[in-house]
Amino acid sequence: MNLRELRLERGWSQEELADASGVSVRTIQRVEGGRRPGRATAAALATSLGTEPAAIAARGLVDDDPSEPARAVSFPTAVERAATRWPDFEGRASRSEFWFALLAVGLLVGAATVLDERYGAVALLVCLVPLVAVATRRLRDAGHNPWWQLLALVPFGIVVPLWLMALPGKDPGDGSGGPTH
């Protein structure tokens, strides 16, 4: 059962659910449209609907909430997120998520290049948007502007964004901007 079905089962409009849960109507529209909710959003919606948080999203919950620092993830989780969240330039990504995704892209492109240079070029093009998306989320988690990635377009300019992505994440809520992990 998904959020829309649970909401309609109670005869609620999106606005009524928003009032009951404290979640914006736009967020409810996104979740009903297939976007995975963060843990805090899922908990608020589930409480108002009288169900478990996992029941409102068929694809599961997002582990990182934009209001919290990103958590470290395993290699398979990082690859899965890069593959499934490729159009998502919002939110945050931990250092492990970014570096594991970069490693996976390097291995994939390297293996494809061994077969044929053209395969390697195609693999790199296919992986480019997911890699930029996870890098955008990583820079945001580190407290930096994602536009720093544009330095990669100049000779040796990639050094600065890679250095920024290696920095620890910052807690957006404490105001100090100190490291979180």
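For every chain, the first residue of its written sequence is number 1, and the numbers climb from 1 along that sequence. Reporting of local features is limited, given that this is a predicted model, to residues whose pLDDT is at least 70; pairs of side-chain atoms are given and counted only at 80 or more, and all residues count toward the totals for whole chains, interfaces and linings. In computing side-chain values, all of the structure's heavy atoms are included and hydrogens and water are not.

### Overview of the overall build of the protein chain
Argument step 1. For helices the rule is a DSSP run of H or I covering at least 4 residues; for strands it is a run of E covering at least 2, with both sets numbered from the N terminus onward. When helices and strands are counted, the protein chain shows 8 helices and 0 strands.
Argument step 2. Tracing the protein chain from N to C terminus, the helices and strands come up as α-α-α-α-α-α-α-α.
Argument step 3. For the protein chain, the proportion of its 181 residues judged to be buried stands at 36%.
Argument step 4. We call two residues in contact whenever any of their non-hydrogen atoms come within 4.5 Å of each other. Counted over contacts in the protein chain with a minimum sequence separation of 6, partners at least 24 positions apart contribute 56%.
Argument step 5. Accessibility throughout is a Shrake-Rupley quantity obtained with a 1.4 Å probe, and a residue counts as covered only by protein chains that appear here. As presented, the protein chain carries roughly 10,100 Å² of accessible surface, and 64% of it is formed by carbon and sulfur atoms. Note on exposure labels: buried denotes an accessible area under 20% of the residue type's maximum, exposed denotes more than 50%, and partly exposed covers the range between, all computed with a 1.4 Å probe on protein chains only.

### Considerations on a nonpolar patch on the surface
Argument step 1. Taken together, Trp86, Phe89, Leu125, Leu128, Val129 and Val132 make up a surface patch of nonpolar side chains, about 530 Å² in accessible area.
Argument step 2. Turning to its location among the elements, Leu128 is positioned in helix α7 (residues 117–141). Surface patches are drawn from residues lacking salt bridges whose relative accessible area is over 30%; two like charges belong together within 9 Å, two nonpolar side chains (Val, Leu, Ile, Met, Phe, Trp, Tyr) within 5 Å. Just to be clear on terms, a salt bridge is a Lys or Arg side-chain nitrogen sitting within 4 Å of an Asp or Glu carboxyl oxygen.

### As for the packing of aromatic side chains
Argument step 1. Aromatic rings from Phe, Tyr and Trp, with only the six-membered ring used for Trp, were paired whenever their centres fell within 6.5 Å, and each pair was classed as stacked if the ring planes differed by under 30 degrees, edge-to-face if by over 60, and tilted otherwise. Taken as a whole and judged by the stated rule, the model has 2 aromatic pairs.
Argument step 2. An angle of 85 degrees between the planes, with centres 5.6 Å apart, marks the rings of Phe75 and Phe100 as edge-to-face. Separated by 25 residues along the polypeptide, Phe75 in helix α5 (residues 75–84) and Phe100 in helix α6 (residues 95–115) bring together distant segments of the chain.
Argument step 3. Of the residues examined, Phe100 reaches a relative accessible area of 28% and is grouped as partly exposed.
Argument step 4. With a centroid separation of 4.9 Å and 75 degrees between ring planes, the pair formed by Phe98 and Trp99 is classed as edge-to-face.
Argument step 5. For Phe98, a relative accessible area of 3% translates into the label buried.
Argument step 6. On the basis of relative accessible area, Trp99 is assigned to the partly exposed category, the value being 32%.

### With respect to the packing of α6 against helix α8 (residues 159–166)
Argument step 1. Running from N to C, α6 and α8 point in directions that differ by 135 degrees, and their axes come no closer than 9 Å. Here α6 is positioned oblique relative to α8, judged by the angle of their axes. Between α6 and α8, the residues in contact are Arg95, Phe98 and Trp99 and Leu162, Met165 and Ala166, respectively.
Argument step 2. For the contact of α6 with α8, the residue count by class is 5 nonpolar, no polar and 1 charged. An axis is simply a line fitted to the C-alpha atoms; with a helix, the fit covers only the stretch in contact. Between two such axes, the angle follows the N-to-C directions and lies from 0 to 180 degrees. Here the angle decides the label: under 35 degrees means roughly parallel, over 145 means roughly antiparallel, 65 to 115 means roughly perpendicular, and every other value means oblique. Residues were grouped as follows: Ala, Val, Leu, Ile, Met, Phe, Trp, Tyr, Cys and Pro as nonpolar; Asp, Glu, Lys and Arg as charged; and all remaining residues, including Gly, as polar.

### Digging into the pattern of salt bridges
Argument step 1. All chains considered together, the criterion is met by 8 salt bridges.
Argument step 2. Residue Arg85 pairs with Asp88 through a salt bridge whose shortest N-O separation is 2.8 Å.
Argument step 3. Judged by its relative accessible area of 8%, Arg85 is buried.
Argument step 4. Given a relative accessible area of 13%, Asp88 falls into the buried group.

### Brief notes about the nonpolar core
Argument step 1. By size, the foremost hydrophobic cluster in this structure holds 15 residues, and its most contacted members are Phe98, Val105, Leu131, Val134 and Met165.
Argument step 2. Once residues lying within four places of it in the same chain are set aside, the contact partners of Val134 are Ala93, Glu97, Phe98 and Ala101.
Argument step 3. By nonpolar core is meant a set of buried Ala, Val, Leu, Ile, Met, Phe, Trp, Tyr and Cys residues that side-chain atoms within 4.5 Å join together. Counting residues in hydrophobic clusters, the runner-up holds 11 residues, among them Ala18, Val31, Leu45 and Leu49.

These figures come from the coordinates and say nothing about function on their own.
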